[in-house]
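Structural characterization, general
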Amino acid sequence: MHAIILFAHGSRDPLWHKPIQAVAERIAQRSPGTVVRCAYLELTEPDLPHVANTLVAEGATSLCVVPMFLGVGRHAREDLPELITALKATHPSVDVSCQPAVGEQSSLLDLLADIALGRANNVT
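Residues numbered from 1 in each chain as written. Predicted model: local features only at pLDDT ≥ 70, side-chain atom pairs only at ≥ 80, totals over all residues. Heavy atoms only, no water.

1. Quick word on the overall build of the protein chain
The helix and strand tally for the protein chain stands at four helices and four strands. Here the C-alpha atoms of the protein chain give a radius of gyration of 15 Å, agreeing with the 14 Å that 2.2 N^0.38 yields for 124 residues. Seen through its C-alpha atoms, the protein chain measures out along the principal axes to roughly 50 × 35 × 30 Å. Nonlocal contacts in the protein chain, meaning residues at least 24 apart in sequence, comprise 69% of its contacts between residues at least 6 apart. (Helix = DSSP H or I, 4+ residues; strand = E, 2+ residues; numbered from the N terminus. Rg over C-alpha atoms; globule rule 2.2 N^0.38 Å. Contact = heavy atoms within 4.5 Å.)

Rendered as structure tokens:
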């Protein structure tokens with residue numbers, strides 16, 4: 001089983017999580033067979049090791065971590081690689097990969113520019 005983990009910073013504010021959870025819901029709608037979960041670095045649960053451990057216990061043989069960071073700061077440059085290294089050590093038989101942060105994806109940058117220009121769908 002392949003699983004996607006949307007990895008975000010986290011916040012004590014429960015409303016902050018809604019966009020990350022909305023992305024997970026859209027993935028599930030677009031690809032019903034894809035397992036997707038959310039994990040957070042700090043300030044909220046569940047954290048990345050917990051989500052990964054749960055998915056492996058459920059039969060995941062590959063995990064793809066998607067960092068939901070617009071800016072690539074210390075968390076994405078330093079904390080996340082350490083977490084990925086630890087996951088690989090904990091689950092050596094599982095293929096663990098990590099995409100670049102969403103803020104480094106040209107398609108997202110183009111979409112943000114379109115939104116700012118009022119050119120995206122449903123933007124007036």
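2. So, the nonpolar core
Core analysis: the largest hydrophobic core is formed by 20 residues, its most contacted members being Ile 5, Phe 7, Leu 48, Leu 55, Leu 63 and Val 65. Listing elements by their share of this core, those giving two or more residues are strand S1 (2-8), strand S2 (35-40), helix H2 (48-57), strand S3 (62-67) and helix H3 (74-90). Those residues in contact with Leu 63 that lie beyond four places of it in its chain are Ala 3, Ile 5, Ala 52, Leu 55, Val 56, Val 94, Asp 95, Val 96 and Ser 97. Membership of the second largest hydrophobic core comes to 12 residues, among which are Ile 4, Cys 38, Met 68 and Val 102. (Core = buried A, V, L, I, M, F, W, Y, C linked by side-chain atoms within 4.5 Å. Buried < 20%, exposed > 50% of the residue type's maximum accessible area, 1.4 Å probe, protein only.)

3. Describing unusual backbone geometry
For the peptide bond that leads from Glu 45 to Pro 46, omega is 0 degrees, which places it in the cis range. Along the chain, Pro 46 turns up in the loop between S2 and H2. Residues other than glycine seldom take positive phi values, yet Leu 43 does so here, at roughly 75 degrees. By secondary structure assignment, the location of Leu 43 is in the loop between S2 and H2. Look at Leu 43 and you get partly exposed, because its relative accessible area is 39%.

4. Some points on the pattern of salt bridges
Pairing between side chains of opposite charge can happen when the charged atoms of each approach one another. Scanning all chains against the criterion turns up one salt bridge. Note that Arg 37 is salt-bridged to Glu 58, the shortest N-O span being 3.3 Å. With Arg 37 in strand S2 and Glu 58 in the loop between H2 and S3, the pair connects residues that are 21 residues apart, well separated along the chain. Judged by relative accessible area, which is 34%, Arg 37 ranks as partly exposed. With relative accessibility at 45%, the residue Glu 58 sits in the partly exposed group. (Salt bridge = Lys/Arg side-chain N within 4 Å of Asp/Glu carboxyl O.)

5. What about the layout of surface pockets?
One water molecule sets the probe size; rolling that probe over the atoms shows where empty space is left. Taken as a whole, the largest pocket holds about 800 Å³ of empty space. Looking at the largest pocket, it is lined by 20 residues, and the ones nearest its centre are Val 23, Met 68, Val 102, Leu 108 and Leu 111. Looking at the lining of the largest pocket, the elements that each hand over two or more residues are S1, helix H1 (18-30), S3 and helix H4 (106-117). Here the lining of the largest pocket is composed, by residue class, of 15 nonpolar, three polar and two charged. (1 Å grid on protein atoms, 1.4 Å probe; cavity = no way out; pocket = protein on both sides within 12 Å on 5 of 7 lines; lining within 4 Å. Points joined across faces, edges and corners; volume = space filled by probe spheres on them. Nonpolar A, V, L, I, M, F, W, Y, C, P; charged D, E, K, R; others polar.)

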